[in-house]
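Summary of the model geometry
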Amino acid sequence: MSRLSPREESLKRGRPPSRSQNRNTQQKKDKKQEKGSKSKSLRYPYAMLTDDTDYLGIDIADYVPSGAKIEGLVEARDVKDKDGTRKEIVATNNFETKFVNSIALNTASKSNTKQLKKPLHQIVLPIPQQITDTNSVNWDNSTLNPLEAFGVSAAGSIMGSNLQNATANVLSAVNTVIGVGKDAIANESTRQAITAALAGAAVGAAGGNVSGSQLVSRATGQVFNPNLELLFQGVNLRSFPFSFQIFPRNRNEAEVVKEIIRVLKMSMAAKKSSTNSGIFISAPRVFQLTYMKGKDPHPFLNKFLPMALTSMNLSYTASNTYSTFYDGTPTHMKLDLVFKELNPIYFEDYEDLISKNDTSVGY
């Protein structure tokens, strides 16, 4: 005959288990699940899932770094000049290939996708009433007037000839702009505008509150053509906020809700490493979210890259009143989660979905 657990013994004697017995039982469950290889599925509400059920699936796994390697991208070479031999840091011959293979293509999303296929935890939650996805990239205004273009071209060509004398070359470039720039333009008013612009730049560099464009406008009533253009500046990472209203309907559901909250809190927490004497802390776990319809991914809603849980806010009094069941479980809770993707979305990610005959809106 197998030995009864403290909880079972308490129930057999007609008394509910104590808080310490409940806590010990929960700690044993947590340790067993951490060591076990098979993931445990937690579901709220605790109801049967059918082929028509829409829900949000959350897989959780340990973070796997992308493993970017920067070794071998540059090297020190001996360069001889009149003063003797010196070391010069230069890019290796296959710098571009190494950079692409070790950094550009070796992303955290890619390194964690395989890990997330064998999750430590699986959570099923109802799809919130308000769901959105926002894609954005950075574009910004940029100007380049003729004088700036000439100066950049002159300075770049001169500096490129001898990096050791960069300062002297910049001064030479400025003299070139002043001399050649003025002589190359026959129109007297235009030459006056250029002179005013250079004078304003000099005054501004000396601490005066005046710019070249302001002096040109005062002297001639005109400004340089700014050649204004909107230029691409970079990409952004997407964030996804979710809000869940939780009403445990029975004791079993209350226990599942408690365990879901515990798993989410544990998974977003950083880890102390026992192997490096506390010098470093390890990254929290990562999450893969998937809108589901029955057993398949949702045929319309957006998809997600692997994400981190960056914020979790839990209100135990979501109805603005403290109210609990007999066992202390709050009657109404509100769970707010904010996830952020590990990498930006690129054009090639959509091409990959198309190649797999995906029918959704994409990312």
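1. With respect to the overall build of the chain
Scanning the chain from N- to C-terminus turns up ten helices and 14 strands. When each of the 363 residues of the chain is scored for burial, the buried share is 27%. Within the chain, contacts between residues at least 6 apart in sequence are counted, and of these 71% link residues at least 24 apart. Per element, the accessible surface of the chain, about 23900 Å² overall, is 54% carbon and sulfur.

2. Quick word on the pattern of salt bridges
If you walk through the whole model with that rule in mind, you get nine salt bridges. We note a salt bridge from Asp62 to Lys271, for which the minimum N-O separation is 2.7 Å. In this pair, Asp62 is assigned in the loop between strand S2 (54–61) and strand S3 (74–81) and Lys271 in strand S9 (residues 271–272), connecting sequence segments 209 residues apart. Among the ionic contacts, a cluster of salt bridges with common partners joins Asp62, Lys271 and Arg285.

3. Let's talk about the environment of Leu353
Of note, Leu353 is situated in helix H10 (residues 347–355). The spatial distance from the C-alpha of Leu353 to the C-alpha of Lys303 is 9.9 Å, given a sequence separation of 50 residues. Once you skip the residues sitting within four places of it in the chain, Leu353 turns out to touch Lys303, Asp358, Gly362 and Tyr363.

4. Some remarks on the nonpolar core
In this structure, Ile123, Phe242, Leu264 and Leu289 are the most contacted members of the largest nonpolar core, which totals 30 residues. Mapped by element, the contributors of at least two residues to this core are S2, strand S5 (121–126), strand S8 (239–246), helix H9 (251–267), strand S11 (286–293), strand S13 (307–315) and strand S14 (333–341). Dropping the residues within four chain positions of it, Leu289 is found in contact with Leu56, Gly57, Ile58, Phe242, Phe304, Met307 and Phe339.

5. Some words on the packing of aromatic side chains
We describe a pair of aromatic rings using the distance from one ring centre to the other and the angle between the two ring planes. Applying the stated criterion across every chain, the model contains eight aromatic pairs. Consider the rings of Phe242 and Phe339, whose centres lie 6.1 Å apart with planes at 65°: the pair is edge-to-face. Separated by 97 residues along the polypeptide, Phe242 in strand S8 and Phe339 in strand S14 bring together distant segments of the chain. There is no split in this pair, since Phe242 and Phe339 are both buried.

6. Concerning a nonpolar patch on the surface
Together, Val137, Trp139, Leu230, Phe232, Val235 and Tyr346 give the surface a local cluster of nonpolar side chains, amounting to about 590 Å² of exposed area. Counting residues per element, the ones that place at least two in the nonpolar patch are strand S6 (137–142) and strand S7 (229–235). No other element matches the three residues that S7 contributes to the nonpolar patch. By relative accessible area, which is 48% here, Trp139 ends up partly exposed.

Quick notes on the rules
Residues numbered from 1 in each chain as written. Predicted model: local features only at pLDDT ≥ 70, side-chain atom pairs only at ≥ 80, totals over all residues. Heavy atoms only, no water. Helix = DSSP H or I, 4+ residues; strand = E, 2+ residues; numbered from the N terminus. Buried < 20%, exposed > 50% of the residue type's maximum accessible area, 1.4 Å probe, protein only. Contact = heavy atoms within 4.5 Å. Areas by Shrake-Rupley, 256 points an atom, 1.4 Å probe, with all protein chains shown as cover. Salt bridge = Lys/Arg side-chain N within 4 Å of Asp/Glu carboxyl O. Core = buried A, V, L, I, M, F, W, Y, C linked by side-chain atoms within 4.5 Å. Phe/Tyr/Trp six-rings, centres within 6.5 Å; stacked < 30°, edge-to-face > 60°. Patch = residues over 30% accessible without salt bridge, like charges linked within 9 Å, V, L, I, M, F, W, Y side chains within 5 Å.

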